[in-house]
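Chains, contacts and geometry: an overview
Below are the chains, spelled out letter by letter.
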Amino acid sequence: MASVDVTDPEGYKAYIAENANAFRKYGGHFLARGGQRETPEGKLRSRIVVIEFPTYSAALECYHSPEYAKAMALRQGRSVMDLAIIDGYDGPQPSDS
């Protein structure tokens with residue numbers, strides 16, 4: 001999950017194009033990518049991105065990959081990001097009853 005303030009929208013487009021290579025290679029799938037949102041509590045940056053990977057290990061491998069390093073270099077000076085890689089949850093869910 002990333003919370004991002006884009007400071008150079010035109011320059012940030014190169015990062016978006018390049019990060020697709022790493023996300024594709026490691027099975028990343030966007031669940032949220034900017035768009036409409038409301039923050040009823042706390043403070044987040046202006047853009048929220050949630051990417052699902054097949055495994056926690058795949059997400060870590062993607063982040064530490066040479067492909068993503070190339071994308072990160074393009075992001076430098078164009079945004080400020082808080083990023084968390086979180087293991088999935090497979091436990092009980094709220095029921096409808």
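Here, the structure is the one placed above.
Report on the accompanying structure. (Residues numbered from 1 in each chain as written. Predicted model: local features only at pLDDT ≥ 70, side-chain atom pairs only at ≥ 80, totals over all residues. Heavy atoms only, no water.)

With respect to the pattern of salt bridges
Side chains that carry opposite charge are capable of pairing whenever their charged atoms lie near each other. Scanning all chains against the criterion turns up five salt bridges. Here R45 makes a salt bridge to D82, at a shortest N to O gap of 2.9 Å. Separated by 37 residues along the polypeptide, R45 in the loop between β2 (29-33) and β3 (47-52) and D82 in strand β4 (residues 79-83) bring together distant segments of the chain. What you see here is one network of salt bridges that share partners, running through D5, R45 and D82. (Salt bridge = Lys/Arg side-chain N within 4 Å of Asp/Glu carboxyl O. Helix = DSSP H or I, 4+ residues; strand = E, 2+ residues; numbered from the N terminus.)

Concerning the sheet that holds β3
In space, the four strands of this open sheet follow the order β2-β3-β1-β4, with antiparallel pairing throughout. Each of the sheet's edge strands pairs with one partner strand only, and the pair in question is β2 and β4. Neighbour to neighbour, the strand axes of the sheet diverge by 20° on average, direction disregarded. Both β2 and β3 contribute to a ladder of four bridges, which runs antiparallel. Within the sheet, the bridge partner assigned to R33 lies in β3 and is V49. (Pairing = 2+ DSSP bridges. Axes fitted to C-alpha atoms, helices over the stretch in contact; angles between N-to-C directions.)

As for the nonpolar core
One finds Y15, F23, F53, C62 and Y68 to be the most contacted residues of the largest nonpolar core, which totals 15 residues. Elements with a minimum of two residues in this core: β1 (2-6), α1 (9-25), α2 (56-63) and α3 (66-75). The leading source of residues in this core is α1, at four residues. Dropping the residues within four chain positions of it, F53 is found in contact with F23, Y26, G27, G28, A58, A59 and C62. (Core = buried A, V, L, I, M, F, W, Y, C linked by side-chain atoms within 4.5 Å. Buried < 20%, exposed > 50% of the residue type's maximum accessible area, 1.4 Å probe, protein only. Contact = heavy atoms within 4.5 Å.)

What about the packing of aromatic side chains?
One pass over the full model with this rule turns up six aromatic pairs. Both rings, one in Y12 and one in Y15, keep their centres 5.2 Å apart while their planes meet at 50°; by these two values the pair is tilted. Of this pair, Y12 and Y15 both sit in helix α1, three residues apart, which is roughly one turn of the helix. With relative accessibility at 6%, the residue Y12 sits in the buried group. Judged by relative accessible area, Y15 falls into the buried class, the value being 4%. With a centroid separation of 6.2 Å and an interplanar angle of 70°, the aromatic rings of Y15 and Y68 are classed as edge-to-face. Here Y15 is found in helix α1, whereas its partner Y68 is found in helix α3, with 53 residues between them in sequence. Neither Y15 nor Y68 differs from the other in exposure class; each is buried. Taken together, the aromatic side chains of Y12, Y15, F23, F30, F53, Y63 and Y68 make up a single cluster linked through ring pairs. (Phe/Tyr/Trp six-rings, centres within 6.5 Å; stacked < 30°, edge-to-face > 60°.)

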